[in-house]
Amino acid sequence: MSSSLSGRTVLVTGATAGIGYETARQLALRGAVVLLHGRTAEDAQAAADRLVATDGIGSALVRPLAADFVRLEEVENLAHAVVRDHPRLDVLVNNAAIAAPERHTLTADGNEIAFQVNFLAHYLLTHLLESALTSDPGGRVVNVSSSLHRSGAIQWNDPQRVRRYSRLAAYAQSQLALTVFASDPRVTAVSVNPGVCDTGLLPLYGHEGAPAAEGAEHVVRLCDPAIEIVNGAYYDRSERAAPAAAATEDRTIKRLNKLAALLVGHTA
């Protein structure tokens, strides 16, 4: 899997560690210009410097960008900066994710923190980048999901989980929403479960995981324009699989769009 991606521009969210960092590394090694997103400018710059120093990647290929997804205003600023400097974006990898905390936590925007960081921020970012995302063949959005999306349920009457909170249920809800979002007909998108990897999210799954680089390979494969994708499809590592039933229901997709648009303050 070493076909060249030169001339392509890819934005990877949450690219300072784990699968996101490995995805950025593999894309840049294949010649793509990687917009490397981190929570802070320092984090993003440090990750970019590390790629240049340890992998000999040309500094022109990694461009650090910062936004804390806990603040939707920073997501908007990130999107505007990308559209301004990179009017043509080939791929958006929605990878940034946090494990939901032990205690119920709301962001300043009023959303349950995992729901906002893992899903709402990506929903907002994707829509704000619509003008830059190329409609040429190969242009696409890759949502990095999780097998745990299957155990998730979207609490329509309490998406912020104010009444009943469990960190696993909150995390699963955020991953289910991200998977459903890939079926939105307005964007060419897929979701992928990269497998259980040895990253900061491992404690949610168990004690052993594959190296992050292995999980990243499944993400990078879907970024390659030579790989034809089925819009809205879900991939379990490298194989197409059936996602949770909710992810393919028109009614659920429409409902989620309405809810997300409301929560991010943008009309759908």
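See above for the structure.
Okay, so let's go over this structure. Computed from a predicted model, the values in this text were never measured in an experiment. (Residues numbered from 1 in each chain as written. Predicted model: local features only at pLDDT ≥ 70, side-chain atom pairs only at ≥ 80, totals over all residues. Heavy atoms only, no water.)

Describing the pairing of strand β3 (residues 62-66)
Heads up, the rule is: Note: two strands are recorded as paired if DSSP finds a minimum of 2 bridges between them. Only DSSP runs of H or I reaching four residues or more are called helices, and only runs of E reaching two or more are called strands; each is numbered from the N terminus. Here the term right-handed applies to a crossover when the path leading from its first strand over the helix to its second strand runs clockwise, the strands being oriented away from the viewer.
Inspection of the sheet shows strand β2 (residues 33-38) paired to β3 by five bridges, in the parallel sense. Residue pairing across strands places G38 opposite A66, the latter belonging to β3. Once the chain exits β2 it traverses helix α2 (residues 41-55) before rejoining the sheet at β3, and the crossover so formed is right-handed.

A few points about the environment of S131
On the secondary structure map, S131 appears in the loop between α4 (113-128) and β5 (140-144). Between the C-alpha atom of S131 and that of R88, which follows or precedes it by 43 residues, the distance is 8.3 Å.

Here's the deal with the packing of aromatic side chains
In plain terms, the rule: Aromatic contacts are taken between Phe, Tyr and Trp rings whose centres are within 6.5 Å, Trp giving its six-membered ring; a plane angle under 30 degrees counts as stacked, one over 60 as edge-to-face, and the others as tilted. Residue burial is assigned from relative accessible area. The probe radius is 1.4 Å, only protein chains are included, and a residue is buried under 20% of its type maximum, exposed over 50%, and partly exposed in between.
All told, the structure shown has five aromatic pairs when counted by the stated rule. Relative to F119, the ring of F115 has its centre 5.4 Å away and its plane inclined at 50 degrees; by these criteria the two rings are tilted. Here the residue F115 and the residue F119 both occupy positions in helix α4, the gap between them amounting to four residues, near one helical turn. Of the two residues, F115 and F119, both sit in the buried class.

Quick word on unusual backbone geometry
Notably, R161 is not glycine yet its phi reads approximately 55 degrees, a positive angle. Notably, R237 is not glycine yet its phi reads approximately 55 degrees, a positive angle. Summarising the element assignment, R237 is placed in the loop between β7 (234-236) and β8 (239-241).

A closer look at helix α3 (residues 72-85)
Under the convention used in this document: In a helix, the anticipated span is given by 1.5 Å times the number of residues less one. Two residues form a contact once any of their heavy atoms are found within 4.5 Å.
In a regular helix each residue adds 1.5 Å, so 14 residues correspond to 20 Å; α3 covers 20 Å between its end C-alpha atoms and thus fits that length. Those residues of α3 that sit buried are L72, V75, L78, A79, A81 and V82. Of the surrounding elements, those touching the buried residues of α3 are β1 (9-12), β2, β3, α4 and α7 (250-264).

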